[in-house]
Amino acid sequence: MTDEERNEMVVTPWEVRGKVDYERLIREFGTQPLTDDLLRKLSKHTGKLHLQLQRGLFFSHRDLDIVLDQYEKGTKFVLYTGRGPSGPVHIGHLVPWIFTKHLQEKFDTRLYFQMTDDEKFVVDDELSLKETARYGYENALDLIALGFEPEKTFIIYDVRDIDLLYDIALEVAKRITYSTAKATFGFQDDTNLGWIFWPSIQAVPCFIHKKLTGENVPALIPAAIDQDPYWRITRDIAQKLGYYKPAQIHCRFLPGLGIGGKMSASEPETSIFTIDKPEVVKKKIWNAFTGGRPSKAEQKKMGADPDICTVYQYFVYLFEEDDQKLAEREKRCRSGEVMCGECKIELAERVNRFLAEHQRKRENAKKIVEKFHIKR
Ligand code: TRP
C-alpha cells in the first residue's frame, strides 16, 4: 500500500482507515447532523445531556427527531445495538454501550443486543465458529459489567438463536436485490455467500420486538457510524414489511493510541483491552501518540497540540467529566506548561481505576450472564 492509499479515508463496516472526516460522512451517507435544537428536545426527557453528547462524540442521526415526536405522543421505542465478537473488548467499544445504558435508564426501555458470532465467522478467514462463540460470551460479560438491567436487556447470540431470527431474516433478504447489496457493501466476485446473505441478519433485531410482544414500535440504534450501510438497506424495506424504519444515533470512533484510524483489536499495542493488567495499560499509554514536540525545550517554548493527541482525546470522551478541568488541561498543553509524560501518567491512573472496577463487575457478570439471554 502506498502512503497515499493508507491515508485515504475508508469507512465500511469492516474497515476504518485514514483520517476520518465526519462532516464528509454525513454528506456521503446522507445522515443528519445532531443539531442543538434536537439535543434540546432530547434533554427534555433525559435531563442534563450525557457527556458524549455534550462533547460531540455522538454527532449524527437518522430519524431521532421522529422517534422523539412519537415518544411524546405515547409511542415508545426500543434500543438496539450489537457487537461483532472477533476478539476481546477494548475501551473504544464501551463508548456507545455506555451511552446506550444512559438511554435505557432515561427512557426506561428495552435493549436488544446482537452478538454476531456468525458475521465474524463468515467475514474473517482465521476465526472458527467456536472462537466467535467464545468471544461472544466473553464480550457479553463486558456489556453486563456496565450495569444494564437484566429484565430489559436481551442478548441475541446469532448462532444459538437463529431459530428466533430466521423467518424475519428471510422476509428481509427476499426484498433486497444483489445489486443493491453490492452497491451498498462493495461485494466482489470472490465474496463468500455467507457474507452476502449476512446483512439480512443484522436487520432482524430492528423488527424483533413485534414478534416477541405484539407491539409495533421503532428501534433506535446507538452505534458507530461505520454500521450505517446496514441501516440504509434495512430502512428501505422496513415499511414494506409493516415496521417502522429503524432510527439511528451515530458516534465517532474512539482513536487508538497510535496515529489515525480507530482503536482496533487487530492492533493490540494501541488498544486498551478491558482485561488488560495495570502494568500493560501504563506501558501502552506511555507509548501513545501525542501532540508533543520532539524536545522538552521546544515544548516549553512552543506548546503542544491537543487536537492531534490521542491521550487528550481519552480525557475528552471518557475520563474528564469536569469541563473546567478539561479546559485547564488544554490550556496548559497549548502553552507548553505541561509535558506529555504528566498527562500520560494521569490518564493511566484514571484508566486503571476504571478498569479495576470494570474487571470486578465483569467477574460478577459470570454468575448472571444467562439472565440476559433472549427468551422465546
Ligand atoms: N456488525 C457489528 C460489528 O461487527 C455488530 C452489530 C450487529 C451491531 N448489530 C449491531 C453494531 C447494531 C451496532 C448496532 O461490530
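Residues numbered from 1 in each chain as written. Predicted model: local features only at pLDDT ≥ 70, side-chain atom pairs only at ≥ 80, totals over all residues. Heavy atoms only, no water.

1. So, helix H9 (residues 162-174)
With 13 residues, H9 should reach 18 Å at 1.5 Å per residue; the first-to-last C-alpha distance of 17 Å fits that figure. In the structure, H9 departs most strongly from a straight axis at Ile 168, where the bend amounts to approximately 30°. Here H9 has its buried residues at Leu 164, Leu 165, Ile 168, Ala 169 and Val 172. Packed against the buried residues of H9 are strand E6 (111-115), strand E7 (153-157), helix H11 (193-197), helix H12 (199-203), helix H13 (208-213) and helix H14 (228-238). (Helix = DSSP H or I, 4+ residues; strand = E, 2+ residues; numbered from the N terminus. Expected span 1.5 Å × (residues − 1). Bend = angle between axes of the 7 residues up to and from the residue. Buried < 20%, exposed > 50% of the residue type's maximum accessible area, 1.4 Å probe, protein only. Contact = heavy atoms within 4.5 Å.)

2. Side note on the pattern of salt bridges
Enumeration according to the criterion identifies 30 salt bridges in this entry. With a closest N to O distance of 2.7 Å, Lys 284 and Asp 276 form a salt bridge. Per residue, the accessibility class of Lys 284 equals that of Asp 276, and both read buried. The salt bridge involving Glu 330 is made with Arg 334; its shortest N-O contact spans 2.9 Å. (Salt bridge = Lys/Arg side-chain N within 4 Å of Asp/Glu carboxyl O.)

3. Notes on the pairing of E7
With five of its five residues buried, E7 lies for the most part within the structure. Here E7 shows a buried face lined by Thr 153, Ile 155 and Tyr 157 and a second buried face lined by Phe 154 and Ile 156. In the sheet, E6 pairs with E7 via five bridges, with the strands oriented parallel. Looking across to E7, one finds that Gln 114 is bridged to Ile 156. (Pairing = 2+ DSSP bridges.)

4. As for empty space enclosed by the protein
A complete count under the given rule lists three cavities of 30 Å³ or more for this structure. What the largest cavity holds in volume is close to 110 Å³. For the largest cavity, the lining is made up of 14 residues, of which Cys 309, Cys 333, Val 338, Cys 340 and Cys 343 are closest to its centre. Elements represented by at least two residues in the lining of the largest cavity include exactly helix H17 (310-319) and helix H19 (340-368). When residues of the lining of the largest cavity are assigned to their parent elements, the largest contribution, three residues, is made by H19. Residues belonging to the lining of the largest cavity are distributed by class as follows: ten nonpolar, three polar and one charged. (1 Å grid on protein atoms, 1.4 Å probe; cavity = no way out; pocket = protein on both sides within 12 Å on 5 of 7 lines; lining within 4 Å. Points joined across faces, edges and corners; volume = space filled by probe spheres on them. Nonpolar A, V, L, I, M, F, W, Y, C, P; charged D, E, K, R; others polar.)

5. Describing a nonpolar patch on the surface
A contiguous nonpolar patch, built from Ile 162, Tyr 166, Leu 170 and Phe 197 and spanning about 330 Å² of accessible area, is present on the exposed surface. Counting residues per element, the nonpolar patch draws most heavily on H9, at three residues. (Patch = residues over 30% accessible without salt bridge, like charges linked within 9 Å, V, L, I, M, F, W, Y side chains within 5 Å. Areas by Shrake-Rupley, 256 points an atom, 1.4 Å probe, with all protein chains shown as cover.)

6. Regarding the packing of H17 against H19
Packing of H17 against H19 leaves a shortest axis separation of 10 Å and a crossing angle of 35°. Read as a crossing pair, H17 and H19 show a hand that is left-handed. The residues of H19 that touch H17, namely those facing Val 311, Tyr 314, Phe 315 and Phe 319, are Cys 343, Lys 344, Glu 346, Leu 347, Arg 350, Val 351 and Phe 354. The residue makeup of the contact of H17 with H19, split by class, is eight nonpolar, no polar and three charged. (Axes fitted to C-alpha atoms, helices over the stretch in contact; angles between N-to-C directions. Left-handed = near helix turned anticlockwise from the far one by under 90°.)

7. Examining the sheet that holds strand E5 (residues 78-83)
Read from one edge to the other, the open sheet built from seven strands follows the order E3-E4-E9-E8-E5-E6-E7, with strand pairing classed as mixed. Whereas interior strands pair on both sides, the edge strands pair on one side only; in this sheet they are strand E3 (32-33) and E7. As paired strands, strand E4 (residues 58-62) and strand E9 (residues 247-251) are joined by four bridges and run antiparallel to one another. Bridge pairing in E9 places Arg 62 opposite Gln 248.

8. A short note on the site of the ligand
For the ligand, the set of nearby residues contains 14 residues, the closest of which are Tyr 80, Gly 84, Glu 119, Gln 202 and Gln 227. For the ligand, a nitrogen atom lies 2.9 Å from a polar atom in the side chain of Glu 119. Of all elements in the fold, only E5, helix H7 (117-123) and strand E8 (219-224) reach the threshold of two or more residues within the shell around the ligand. In terms of residue count, E5 provides more of the shell around the ligand than any other element does, four residues in total. Here the residues of the shell around the ligand are counted per class, giving four nonpolar, seven polar and three charged. (Near = heavy atom within 4 Å. Polar contact = N/O pair within 3.5 Å; in protein donor to acceptor, adjacent residues only side chain to side chain.)

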